[in-house]
Amino acid sequence: MMKHMHIGVRVARQVQTAEHAIDNAMIEVCKLIQTSIEGRMEARVAAEVGQTALENIVNGLQGLTAVRASVAVGHAGLSVVADQQGIGWRLDVRRPPLVPRSL
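What counts and how
Numbers given to residues run from 1 along each chain, matching the order in which its sequence is written. Local features are withheld for residues below a pLDDT of 70 in this predicted model, meaning they are given only at 70 or higher, and side-chain atom pairs are given and counted only at 80 or more; totals for whole chains, interfaces and linings count all residues. In computing side-chain properties, one takes all heavy atoms of the structure into account and sets aside hydrogens as well as water. Where helices and strands are cited, they refer to DSSP runs of H or I of at least four residues and of E of at least two residues respectively, numbered from the N terminus. The buried label goes to any residue with under 20% of its type's maximum accessible area, the exposed label to any with over 50%, and the partly exposed label to all in between, with areas taken from a 1.4 Å probe on protein chains only. Contacts are residue-level and defined by heavy atoms, with any inter-residue pair within 4.5 Å sufficient. All accessible areas in this document rest on Shrake-Rupley with a 1.4 Å probe, and a residue is counted as covered only by the protein chains that are shown. Here, a salt bridge means any side-chain nitrogen of Lys or Arg that lies within 4 Å of a carboxyl oxygen of Asp or Glu. By the criterion applied in these results, polar contacts are pairs of N or O atoms within 3.5 Å in which, for protein atoms, one can donate a hydrogen and the other can accept it, and in which residues neighboring in sequence qualify only through two side-chain atoms. Working convention: axes come from line fits to C-alpha atoms, limited for helices to the stretch in contact. Angles between N-to-C directions cover 0 to 180 degrees. Oblique is the label for any angle not covered by the other classes, which are roughly parallel (under 35 degrees), roughly antiparallel (over 145) and roughly perpendicular (65 to 115). By the definition used in this description, the sense in which the near helix is turned from the far one sets the handedness, with an anticlockwise turn below a right angle giving left-handed and a clockwise turn giving right-handed. Residue classes follow a fixed rule: Ala, Val, Leu, Ile, Met, Phe, Trp, Tyr, Cys and Pro count as nonpolar, while Asp, Glu, Lys and Arg count as charged, and any other residue, Gly among them, counts as polar.

Trainee: Can you walk me through the overall build of the chain in this structure?
Mentor: Counting its regular elements, the chain contains 2 helices and 0 strands. The buried share among the 103 residues of the chain stands at 15%. Long-range contacts, defined here as pairs at least 24 residues apart, represent 83% of the contacts in the chain between residues at least 6 apart. Carbon and sulfur atoms form 62% of the exposed surface of the chain, whose accessible area is close to 8200 Å².

Trainee: Please clarify how the pattern of salt bridges should be interpreted in this entry.
Mentor: One side chain can pair with another of opposite charge once the charged atoms of both are near each other. Taken as a whole and judged by the stated rule, the model has 2 salt bridges. Asp23 serves as the salt-bridge partner of Arg68, at 2.6 Å between the closest nitrogen and oxygen. Of the two residues, Arg68 sits in helix 2 (residues 51-85) while Asp23 sits in helix 1 (residues 5-43), which places them 45 residues apart along the sequence. On the accessibility criterion, Arg68 (43% relative accessible area) is partly exposed. With its nearest N and O atoms 3.5 Å apart, the salt bridge here joins Lys31 to Glu28. Linking Lys31 with Glu28, this pair stays in helix 1, spanning 3 residues, or about one helical turn. Classification of Glu28 as partly exposed rests on a relative accessible area of 47%.

Trainee: Teacher, can you tell me more about the environment of Asp23 here?
Mentor: Taking the relative accessible area as the measure of exposure, Asp23 reaches 28% and is therefore partly exposed. Through-space distance from the C-alpha of Asp23 to that of Leu64 is 8.6 Å; in sequence the pair is 41 residues apart. Side-chain polar atoms of Asp23 contact the side chain of Arg68, separated by 2.6 Å.

Trainee: Which parts of the structure should I look at to understand the packing of helix 1 against helix 2?
Mentor: How two helices sit against one another is set out by the angle between their axes and by the gap between those axes. Close contact between helix 1 and helix 2 brings their axes to 10 Å; oriented N to C, the two are set at 165°. Viewed along their axes, helix 1 and helix 2 adopt a mutual orientation that is roughly antiparallel. The handedness of the crossing between helix 1 and helix 2 is left-handed. Taken together, the residues of the contact of helix 1 with helix 2 sort by class into 19 nonpolar, 3 polar and 3 charged.

Here it is, written out as structure tokens:
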């Protein structure tokens, strides 16, 4: 019998919210990288102009990638804990399964 369903569902929703926020942050940083490179090219300035700033932004993206991986591992860990403790957490959302796609 599942107990504390309201807590499990609340945590599950917050995990999804956090995962989406990280993905959106990564998308925005990628857009920033693209826009800054396009801007440099449009301005017709040398490639080394703004290189350090670009490297810092890319390092930030790498940090977000690490955060994303940690949250994914934490997500899996929380589901194991919930199952072990008999805490209901599965959201009744009818969505097609995620299919990995290549870039």
